[in-house]
Amino acid sequence: MSEQLKFIVEHLNKDPFKKNFNLITFDSLEPMQLLQILNDVLAEIDPKQTIDIREEMPDQTAKRMFTLLGMLKYKPPGNMSEPSSFRQGLVTGSKPVIHPILHWLLQRVTELKKRAYLARFLVKLEVPAEFLQDDVITDTYHQYEELVEGFKTYHKECEQLKSSGFSTAEIRKDIGAMEEEKDQLIKRVERLKKRVESVSNHQRMLELARQLRVEKEREESLAQQKQEQKNQLFQAEQRLQRSQQQLKDLRQAAADAKPESLMKRLEEEIKFNSYMVSDKLPKELESKRRMVQYLQKVVSEPAMGQAELEELEDKIRENNIEINLLIEKRMMRNDPIDDKLSLFRQQASIITRKKEAKAEELQEAREELAALDRELNQKNSQARDQDGDEVIRGDEFKRFVGKLRSKGTVFKKKRQEITELRAEYGVLQRTEEILKQRHEVGQQQLQSMEAQKGISGYSDTQEELERVSAIKSELDEMKGRSLDDMSEMVKKLNSTIVEKKSALAPIIKELRPLRQQCQDLTQEYEEKKAQYDSCAAGLESNRSKLEQEVRALREEMAQEENRYHYINCMKEIIEMQMQRAAEEMKAYVSPDPQERRKTIREQYMKNIAEQESLGKTLIYKRMACLATYNEKKLREQQKTVRESHGPNMKQVKMWRDLEQLMECKRQCFLRAQSQASIGQVIQEGGEDRLVL
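Only a predicted model underlies this, so the values are computations on that prediction, with no experimental measurement involved.

**Some details on the overall build of the chain**
Part 1: For the chain, the helix and strand inventory stands at 18 helices and two strands.
Part 2: Relative to its 692 residues, the chain shows a buried fraction of 11%.
Part 3: Looking at the chain as shown, the accessible area adds up to about 59600 Å², and 57% of this sits on carbon and sulfur atoms.

If you want it as structure tokens, here you go:
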């Protein structure tokens, strides 16, 4: 308790309260002063609570504080768990009530500020049901709920932005840099404008440049549209290939299979789909809905602190312990009927789990098969795009394997030749190393002999002189050739220039009028190109419209073809059913008993009779078991009655004697009342006195 008071006094002396208390002065405060301090702390958390409690009724103060503490999720300590005692202590300003509240509030002021701020907007107003029947009030309430949801999303985005690390200084710096860049671009544009104004026909050139930019943008958009249409065409071709493959597979399955196997397969698929629709999918949907409702409930509640999470974990732990105890108690019960039923329940639950597991495995297998089909189609399309051919199959694959085997034999021969060449290369490399070693030995011997004769380095100097002389002679030859070549080249260039000038003079004269003609033709070409582009754009739009119409007609044709095949299949099925019904009717009307026994009606009647006889047998067996059990129970009761007969008879005799004794006392009491009273009985202090 002293630690709690120290904590409260320490935080009240800090900002923003600045109360200047010590332990003695705080402990000697009056209840009204304690309530005012509590109200000041609540006002720091929620500014709406700023009020002088002397100007407010005590009940209103307690109600206001009680509401705010409930909104902040304050839980009283264990000795004040009853709301009435807690409310009374809050009204009177009791220290055992106020001190824990102050300690709890001062521990988490920032967190509670946030919670109080959110509670102003997230705590919904309670509107009575009879008022919600009005349309205007209902619409207004719906708008209010939408605004609450919008506030939740905006608050989350604001928190994310705060925690994302963006700072206003960096944003201002970026804005300043962008403004400087904008000013530089404006100045650059002005300089370019001044430079362009000196050029003749600059307005027309600007207009042409603008048109060129527009046309380029249009060209890019058309190229993008073309690419999108190519992608759509490719996807449509893939869908067509998949549909053709599915049709081919279905035709092969229909050609190979029999009607009985097809019907059996369809019945299995119908059973599986009905199980998925009626049992599995509704359960999964219900579980998902419950999960969504639970998550919505969790999201709608305000944020919880660490202490509240720990309390919830403790409650969960206690509930788990209670559940385990109840399970143990249930397992300790030893009722034979319940044991039999529990056995059947376990078997039923095991079968249900196995059924669900097999259904999930089948669903996963189907999804995996579909994924593999998609992957196979994708690989086929990729191979077709790369090679331009279909994936080889059948005889082509056998021929390919034969070619591959022949190439394999050739490859083995070449590999053997390479191995032999590598071995020969190794031998030659070793020979080269031996010769180098011998050369080094000879050089060493030569150097030793030169050292003995006193002419060390003679061979190296001789080789170096020969090499230098050879290089010098080559350089001299190259210099002489280069000088002669350069002089001849200069002469040739001068003569070529003179010839070209004389040859180009008449051509230049002819080129001058041709340049003017080229400019005119270029202008005419630009005009024709613009006309061509507009015409091509119109034709392209018409072509796209026609392609869309053709695609729609193809889809309609495919739908009608599917409908035609479906109607034909249904027709064949109905004809088979009518044929079976005619055969059944013929066999049922036939006078031959053997034929009549073959009918489905007779077979079903026979099965029903067998099932009824089997059910009666089971009922008789169950009744016999129940009779045996009842007989055993009655014998046990008879045995207990025989054992307790003597003591029970003795007890009955004692009760009869007690009745006679009580009857005798009653008669004596009545006889005493009938006589005259001799004295008076006085009762005082738990004692009875007789006064004569």
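**What about the pattern of salt bridges?**
Part 1: Scanning all chains against the criterion turns up 15 salt bridges.
Part 2: With its nearest N and O atoms 3.4 Å apart, the salt bridge here joins Glu111 to Arg115. In this pair, Glu111 and Arg115 both sit in helix H7 (residues 109-122), four residues apart, roughly one turn of the helix.
Part 3: A salt bridge links Arg210 to Glu207; the shortest N-O distance between them is 2.6 Å. Separated by three residues within a single helix, Arg210 and Glu207 lie in helix H10 (residues 202-256), roughly one turn from each other.
Part 4: Taking the relative accessible area as the measure of exposure, Arg210 reaches 38% and is therefore partly exposed.
Part 5: Relative accessible area serves as the criterion here: at 37%, Glu207 is assigned to the partly exposed category.
Part 6: Residues joined by salt bridges that share partners form a network here, namely Glu540, Arg543 and Glu547.

**Considering the nonpolar core**
Part 1: In terms of nonpolar packing, the biggest core is built from 33 residues, with Leu12, Phe26, Leu38, Leu72, Ile101, Leu102 and Leu105 touching the most fellow members.
Part 2: Put simply, the parts of the chain that give this core at least two residues each are helix H1 (2-12), helix H3 (31-45), helix H4 (58-71), helix H5 (83-92), helix H6 (95-107) and H7.
Part 3: If sequence neighbours within four positions are ignored, Phe26 has contacts with Leu5, Ile8, Val9, Leu12, Phe21, Leu34, Ile37, His99 and Leu102.

**So, helix H11 (residues 259-300)**
Part 1: With 42 residues, H11 should cover 62 Å at 1.5 Å per step; its first-to-last C-alpha distance of 58 Å lies within 8% of that length.
Part 2: Maximum bend of H11: about 40°, positioned at Met276.
Part 3: Here H11 has its buried residues at Phe272, Tyr275, Met276 and Lys280.

**Digging into a negative patch on the surface**
Part 1: On the surface, a cluster of negative charge is made up of Glu215, Glu217, Glu219, Glu220 and Asp533.
Part 2: When residues of the negative patch are assigned to their parent elements, the largest contribution, four residues, is made by H10.
Part 3: One can find Asp533 in helix H15 (residues 458-589).
Part 4: In this structure Asp533 comes out as partly exposed when scored by relative accessible area, which is 31%.

**Considering the packing of aromatic side chains**
Part 1: Counted by the stated rule, this structure contains three aromatic pairs.
Part 2: Summarising the aromatic geometry, the rings of Tyr141 and Tyr144 are spaced 6.0 Å apart at their centres and angled 40° between planes, so their arrangement reads as tilted. Separated by three residues within a single helix, Tyr141 and Tyr144 lie in helix H8 (residues 135-163), roughly one turn from each other.
Part 3: The exposure class assigned to Tyr141 is buried, which follows from its relative accessible area of 19%.
Part 4: Assessed through its relative accessible area of 23%, Tyr144 is described here as partly exposed.

**Topic: a nonpolar patch on the surface**
Part 1: A cluster of nonpolar side chains, namely Tyr566, Ile567, Met570, Ile573, Ile574 and Met578, defines an oily patch on the protein surface of about 570 Å² accessible area.
Part 2: Considering the arrangement of structural elements, one finds Ile574 in helix H15.
Part 3: For Ile574, a relative accessible area of 41% corresponds to the partly exposed category.

**Description of the confidence of the model for the chain**
Part 1: Within the chain, residue pLDDT values average 79, and 87% of them lie at 70 or more.
Part 2: Within the chain, the lowest mean pLDDT, 55, falls on strand S1 (residues 680-684), and the highest, 88, falls on helix H18 (residues 645-674).

**A few points about the side chain of Gln4**
Part 1: Locating Gln4 in the fold gives a position in helix H1.
Part 2: Discounting residues that sit within four places of it in the chain, Gln4 has contacts with His99, Pro100 and His103.

**Here's the deal with the environment of Tyr588**
Part 1: Structurally, Tyr588 is set in helix H15.
Part 2: Since its relative accessible area comes to 36%, Tyr588 is described here as partly exposed.
Part 3: Along the backbone, Tyr588 and Thr599 are 11 residues apart, and their C-alpha atoms lie at a distance of 6.3 Å.

What counts, and where the lines are drawn
Here, residues in each chain are numbered from 1, in the same order as that chain's written sequence. Reporting in this predicted model follows two pLDDT cut-offs: at least 70 for local features of residues, and 80 or more for side-chain atom pairs to be given and counted; totals over whole chains, interfaces and linings ignore these cut-offs and use all residues. For side-chain calculations, the full set of non-hydrogen atoms in the structure is used, while hydrogens and water are omitted. Elements are defined by DSSP. Helices are runs of H or I of four residues or more, strands are runs of E of two residues or more, and each kind is numbered from the N terminus. When accessible area is computed with a 1.4 Å probe and restricted to protein chains, residues below 20% of their type maximum are described as buried, those above 50% as exposed, and intermediate ones as partly exposed. With residues, only the protein chains shown are counted as cover, and all accessible areas are computed by Shrake-Rupley using a 1.4 Å probe. For this document, the term salt bridge refers to a Lys or Arg side-chain nitrogen within 4 Å of an Asp or Glu carboxyl oxygen. Residues belong to a common nonpolar core when they are buried Ala, Val, Leu, Ile, Met, Phe, Trp, Tyr or Cys residues joined through side-chain atoms within 4.5 Å. When checking whether two residues touch, look at their non-hydrogen atoms; a contact exists if any pair is within 4.5 Å. Expected helix span is taken as 1.5 Å per residue step, with the number of steps being one fewer than the number of residues. The bend reported for a residue corresponds to the angle between axes fitted to the seven residues ending at that residue and the seven starting there. Patches here are clusters of residues that have more than 30% relative accessible area and form no salt bridge, with a 9 Å joining cutoff for like charges and a 5 Å cutoff for nonpolar side chains (Val, Leu, Ile, Met, Phe, Trp, Tyr). Under this rule, positive means Lys or Arg and negative means Asp or Glu; His and the chain ends count for nothing. Note that the charge is assigned to NZ on lysines, CZ on arginines, CG on aspartates and CD on glutamates. Any two of the Phe, Tyr and Trp rings considered here, Trp counted by its six-membered ring, make a pair once their centres fall within 6.5 Å; the pair's planes then place it as stacked at under 30 degrees, edge-to-face at over 60, or tilted in between. pLDDT is a residue-level measure of predictor confidence that goes from 0 to 100.

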